[in-house]
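# Working through the structure, step by step
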Amino acid sequence: MRRLTGAVVAAAGLAAGAGACVALVWGGYTTPPDLVGPTLALALAVGWSFVGVGVLAWLRRPDSWTGPLMVLLGLAWFARFVVAVATPAGFVAGVLVGSVYLSVLVHLVVTFPTGRLASRAERVVVVAAYLLSAPLDLAFLLLGASRGIADGPPPNGLVITTSTTAFSFDPDPVDLVVQTVILAVFVAVLVLTLRRWRRAGAAQRRVLGPGVWGGVVVIATIMMQRTVFLLVLPATARIVFTWAAQVVLVVWPVVLLAGVLRSRLDRSAVGAMMTEIGTGLAPLQDVLARTLRDPSVLLAYWLADRQVCVDAHGVPLAVGGDGRALAYLERDGVRLAVLEYDAALADEPELVRAVAAGASLAVENERLQAEIRAQLREVQASRARIVEAADAARRRVERDLHDGAQQRLVAVALALKLARRQLSRAAPEEVAALLDQAGGELSSALDELRELARGIYPVLLSDAGLGPALDALAARSPVPATVVAAPARRLPGPVEQTAYFVVSEALANAAKHARAGEVRVAVSDEGGLLVVEVADDGVGGADASGSGLRGLADRVAAAAGTLEINSPAGVGTRLRACLRSAGDRVTPGPEQGQPGDGTARPGEL
Amino acid sequence: MGRIGDVRAGVLVVDGHTSFRTFARRLLVAEGFDVVGEAANGASALSAAGALRSDVVLLDVQLPDVDGFRVALELASHEPPPAVVLVSSRARSDYGSRVDASRAVGFLTKADLNGAALARVLNLPCAG
């Protein structure tokens with residue numbers, strides 16, 4: 001809302017107040033002289049405080065409906081005074097608008113501080129509150145003749161005074177029902193408010209606090225006044241409660257004004273925040289939480305290359321969720337961090353924006369630290385996994401030796417002993433058969449040792465390079481495998497070994513898990529990038545977090561490469577590793593560099 | 001050799017590898033032992049030892065199902081308990097103090113197995 005509109009609305013509020021005074025004093029009804037002063041003072045205080053604070057709130061928070069609702073309440077409050085104009089038209093209008101201000105009050109309390117209806121229950125209560133004012137009064141007016149009040153004096157409510165008629169317990173049943181429904185609406189308002197309070201976080205409670213509890217006091221006072229009416233207590237008690245209800249109506253807007261002004265104070269807190277960030281003493285997240293006065297504030301650093309958010313310790317975390325709002329901290333259009341905060345603060349978007357802008361100046365340093373910590377954690381984890389994998393491989397070699405070649409050699413030893421013993425006692429054919437058996441066990445043992453040695457390290461890879469080694473690997477694969485492309489030149493040892501390992505693991509997986517019928521291996525070497533692709537036609541659905549593929553990813557990462565696994569169920573598995581084939585080392589090609597000059601020799605397993 | 005008192009010692013050979021069981025049986029029989037049965041794992045070893053009431057159990061330490069040391073412990077509770085001789089393709093020192101702590105009467109590496117070695121472990125008079 002622009003300032004001019006604000007001034008116009010404020011002027012309208014002033015005029016409405018003046019009109020109310022005129023109506024009460026010169027409207028045509030007689031009013032006890034000693035009550036005119038207090039009645040007008042209180043009426044103007046209530047009406048003008050709502051209009052005034054409403055205009056202020058409207059100016060400060062154009063996106064909230066709270067300001068307009070407060071102005072409406074103030075105007076509705078003054079509109080009641082039209083009933084003091086002693087004409088039938090005045091009476092009718094007065095009765096119709098007489099309780100509209102209460103409906104607006106319910107609307108205001110239920111929807112504070114956004115002024116927007118957020119749930120079905122809130123909608124039901126607010127609609128009921130509006131139906132109970134003008135529409136119900138219209139119904140009463142139409143039935144008015146039968147109730148004998150059509151030509152009566154202005155009803156009580158404008159001037160609070162003891163009824164001149166003798167007090168008697170004779171409430172109309174219709175009145176009782178209506179009053180009960182009104183009470184039920186007020187109870188529903190209290191229930192909604194309490195529920196909202198219980199669900200609110202610290203920041204939200206800070207926003208809700210003054211408005212909601214002030215509103216509860218107002219509603220509770222009006223409820224007591226209504227209950228008093230319902231219970232038909234002595235008229236003196238009614239007067240006390242009616243006065244009280246109007247006094248709290250003055251106090252509430254003032255409390256709300258404090259809330260509106262407080263946001264202005266928060267802005268100066270941004271300056272203090274910048275100073276504190278400058279000292280670098282407290283963690284940024286703590287400073288932001290303090291500035292926004294929301295202890296639940298979470299600052300997550302965005303790692304673009306890994307597409308994850310991490311906290312200051314580099315631990316990945318998920319942001320967002322129910323009741324949480326996000327603000328992005330950016331610099332030169334690059335996202336650096338995400339600020340997650342209580343959604344209640346969304347009512348103070350300027351504050352959050354200011355805090356986010358201020359923090360983004362300081363966040364880069366902390367983000368780099370978080371990124372380094374995240375990398376360190378990942379490296380530590382992968383280092384542990386690599387050591388574990390190496391141990392597991394050694395255990396496997398020991399077991400393979402024990403169960404395979406060693407057992408065969410034991411059999412050879414026993415067979416030879418037996419043959420020696422039988423040499424002089426048994427038929428030569430029997431001894432020859434024993435020696436044949438020993439020979440058979442020996443050659444099996446040799447086969448197994450050869451296979452084992454090749455598994456420990458493929459000598460063809462260091463002797464002849466990746467192409468021949470992959471051809472040999474494919475030829476031995478249990479699943480038919482074709483190497484469709486492989487680089488002709490020699491590459492640095494670690495690159496060749498990693499590429500070989502990728503293909504070897506992929507072929508083993510294709511045989512073990514994929515139920516594949518065919519595997520295609522393609523290795524391209526272009527522009528210093530070695531791309532290893534292994535695709536099978538198996539069942540797919542490979543688990544990238546399983547120990548096998550995880551180990552493969554670690555191995556590729558250790559060579560500063562990347563591994564992609566694409567394994568949709570039913571389509572097959574495609575594995576793609578990208579490695580830097582140029583690297584920092586000199587590439588000993590067949591025509592330059594000598595085999596065995598050390599630059600490209602494979603390391604240990 | 002191969003006799004406990006006047007009776008030939010009945011040997012049960014327990015090992016997961018068929019080739020070892022076959023050659024061990026032939027070698028021991030050739031050298032005067034009475035091989036009464038073979039078992040390929042710990043569970044069948046325990047039931048065979050009970051049924052055959054074998055005097056000697058030649059027991060591989062690394063069986064496909066259970067640890068040989070546990071089988072040795074179980075066998076020690078049989079009545080009468082058979083003499084358990086542990087065998088392995090590994091060396092005795094690979095098992096640290098576990099062999100000494102077990103109820104087995106001795107340990108032989110598989111390649112060293114023959115009648116004389118078994119008799120020595122069993123403290124039988126060696127007839128050569």
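Reading the values: the criteria
Residues numbered from 1 in each chain as written. Chains lettered and ligands numbered in written order. Predicted model: local features only at pLDDT ≥ 70, side-chain atom pairs only at ≥ 80, totals over all residues. Helix = DSSP H or I, 4+ residues; strand = E, 2+ residues; numbered from the N terminus. Contact = placed C-beta atoms within 7 Å. Buried ≥ 20, exposed ≤ 12 C-beta atoms within 10 Å, placed from the backbone. Pairing = 2+ DSSP bridges. Axes fitted to C-alpha atoms, helices over the stretch in contact; angles between N-to-C directions. Nonpolar A, V, L, I, M, F, W, Y, C, P; charged D, E, K, R; others polar. Expected span 1.5 Å × (residues − 1). Parallel < 35°, antiparallel > 145°, perpendicular 65-115°, else oblique. Left-handed = near helix turned anticlockwise from the far one by under 90°. Right-handed = clockwise from strand over helix to strand, strands pointing away. pLDDT = per-residue confidence, 0-100.

### Describing the overall build of chain B
- Looking only at helices and strands, one finds five helices and seven strands in chain B.
- For chain B, the N- to C-terminal ordering of α and β elements is β-β-β-α-β-α-β-α-β-α-β-α.
- The contacts of chain B with a sequence gap of at least 6 include a subset with a gap of at least 24, amounting to 59%.

### Examining the overall build of chain A
- The secondary structure content of chain A amounts to 19 helices and ten strands.
- Taken across its 605 residues, chain A has 34% of its residues classed as buried.
- For chain A, contacts bridging at least 24 residues in sequence account for 69% of all contacts bridging at least 6.

### What about the sheet that holds strand β7 (residues 106-109) of chain B?
Residue and element names in this part refer to chain B.
- Taken together, the five strands give an open sheet; going across it, the order is β4-β3-β5-β6-β7, and neighbouring strands pair in parallel fashion. Every other strand in the sheet has two partners, leaving β4 (34-39) and β7 as the edge strands with one partner each. Shown here is a sheet whose adjacent strand axes are inclined to one another by a mean of 25°, direction ignored.
- Strand direction decides the pairing type here: strand β6 (residues 83-88) and β7, joined by four bridges, are parallel. Bridging from a neighbouring strand, Leu86 pairs with Phe107 of β7.
- Helix α3 (residues 68-76) rests against β5 (56-60) and β6 of the sheet, and its axis sits at about 160° to β5.

### Observations concerning the environment of Glu371(A)
Residues and elements named next belong to chain A.
- As for its position among the elements, Glu371 is in helix α13 (residues 349-403).
- The exposure class assigned to Glu371 is partly exposed, which follows from the 18 C-beta atoms found within 10 Å.
- In this structure, the C-alpha to C-alpha distance between Glu371 and Val310, residues 61 residues apart in sequence, is 7.8 Å.
- The residues touching Glu371, leaving out its near neighbours within four places in the chain, are Tyr301 and Leu303.

### Things to note about the interface of chain A and chain B
- With 13 residues of chain A in contact, the opposing surface of chain B contributes 13 residues.
- Broken down by element, the side of chain A that touches chain B gets its largest block of residues, eleven residues, from helix α14 (residues 405-422) of chain A.
- Residues of the side of chain A that touches chain B, tallied by class, amount to six nonpolar, four polar and three charged.

### Section: helix α5 (residues 100-111) of chain A
- Taking 1.5 Å per residue as the helical rise, α5(A) with its twelve residues ought to reach 16 Å, and the 17 Å between its terminal C-alpha atoms agrees with that figure.
- Across the twelve residues of α5(A), twelve count as buried, placing the element largely inside the fold.

### Digging into the packing of helix α2 (residues 33-60) of chain A against helix α3 (residues 66-79) of chain A
All names here are of chain A.
- Running from N to C, α2 and α3 cross one another at 160°; their axes reach a closest spacing of 7 Å. By the angle between their axes, α2 is roughly antiparallel relative to α3. You can see that α2 and α3 cross each other, and the crossing is left-handed. Every residue of α3 that contacts α2 at Val46, Gly47, Trp48, Phe50, Val51, Val53, Gly54, Val55, Ala57 and Trp58 is listed here: Thr66, Gly67, Pro68, Met70, Val71, Leu73, Gly74, Leu75, Trp77 and Phe78.
- Within the contact of α2 with α3, the residues separate by chemical class into 15 nonpolar, five polar and no charged.

### Topic: the sheet that holds strand β9 (residues 562-566) of chain A
Residues and elements named next belong to chain A.
- Spatially, five strands are ordered β6-β7-β8-β10-β9 in an open sheet, and the strand pairing comes out mixed. One side of each edge strand has no neighbouring strand; the edge strands of this open sheet are β6 (481-485) and β9. With direction set aside, neighbouring strand axes in the sheet form an average angle of 15°.
- Of the strand pairs in this sheet, β6 and strand β7 (residues 519-526) are connected by four bridges, and their pairing is parallel. Among the inter-strand pairings, Ala485 is bridged to a residue of β7, identified as Ala522.
- Where helix α19 (residues 547-558) meets the sheet, its contacts fall on β9 and β10 (574-580), and the angle it forms with β9 comes to roughly 150°.

### Section: the pairing of strand β3 (residues 10-14) of chain B
All names here are of chain B.
- Most of β3 sits inside the fold, with four of its five residues counted as buried.
- As paired elements, β3 and β4 share five bridges and run parallel to each other. In the strand pairing of β4, Gly10 is matched with Asp34.
- Viewed along the sheet, the connection from β3 through helix α1 (residues 18-30) into β4 turns out right-handed.
- The pairing of β3 with β5 spans four bridges and is classified as parallel. For Leu12, the partnering residue across the bridge sits in β5 and is Val57.

### Looking at the confidence of the model for chain B
- Confidence in the prediction for chain B averages 89 pLDDT; 91% of positions are at 70 or higher.
- With a pTM of 0.51, the predicted complex shows an ipTM of 0.87.

### Focus: the confidence of the model for chain A
Residues and elements named next belong to chain A.
- This prediction gives chain A a mean pLDDT of 81; 87% of its residues lie at or above 70.
- Least confident of the elements in chain A is helix α8 (residues 144-147), whose mean pLDDT is 49; most confident is β6, at 95.
- Confidence drops under pLDDT 50 across residues 163-169; counting only partners more than four residues distant or on other chains, this segment forms four contacts.
- When the criterion is pLDDT under 50, residues 584-605 qualifies, and its contacts beyond four places in sequence or with other chains add up to 31 contacts.

### Observations concerning the environment of Val83(A)
- Inspection of the secondary structure assignment puts Val83(A) in the loop between α3 and α4 (88-97).
- Separated by eleven residues in the primary sequence, Val83(A) and Gly94(A) place their C-alpha atoms 3.9 Å from one another.

### Digging into unusual backbone geometry
- Note that the residue after Glu79(B), namely Pro80(B), is joined by a cis bond; omega there is -5°.
- Within the fold, Pro80(B) resides in the loop between α3 and β6.
- Not every positive phi belongs to a glycine, and Arg515(A) is a case in point at roughly 50°.
- Among the secondary structure elements, Arg515(A) is positioned in the loop between α18 (493-512) and β7.
- Using a count of 13 C-beta atoms within 10 Å as the deciding quantity, one classes Arg515(A) as partly exposed.
- The phi dihedral of Arg53(B) falls on the positive side, at around 45°, and the residue is not glycine.
- Tracing the sequence through the fold places Arg53(B) in the loop between α2 (42-52) and β5.
- A residue is classified by how many C-beta atoms lie within 10 Å of it, and Arg53(B), with 13 of them, is partly exposed.

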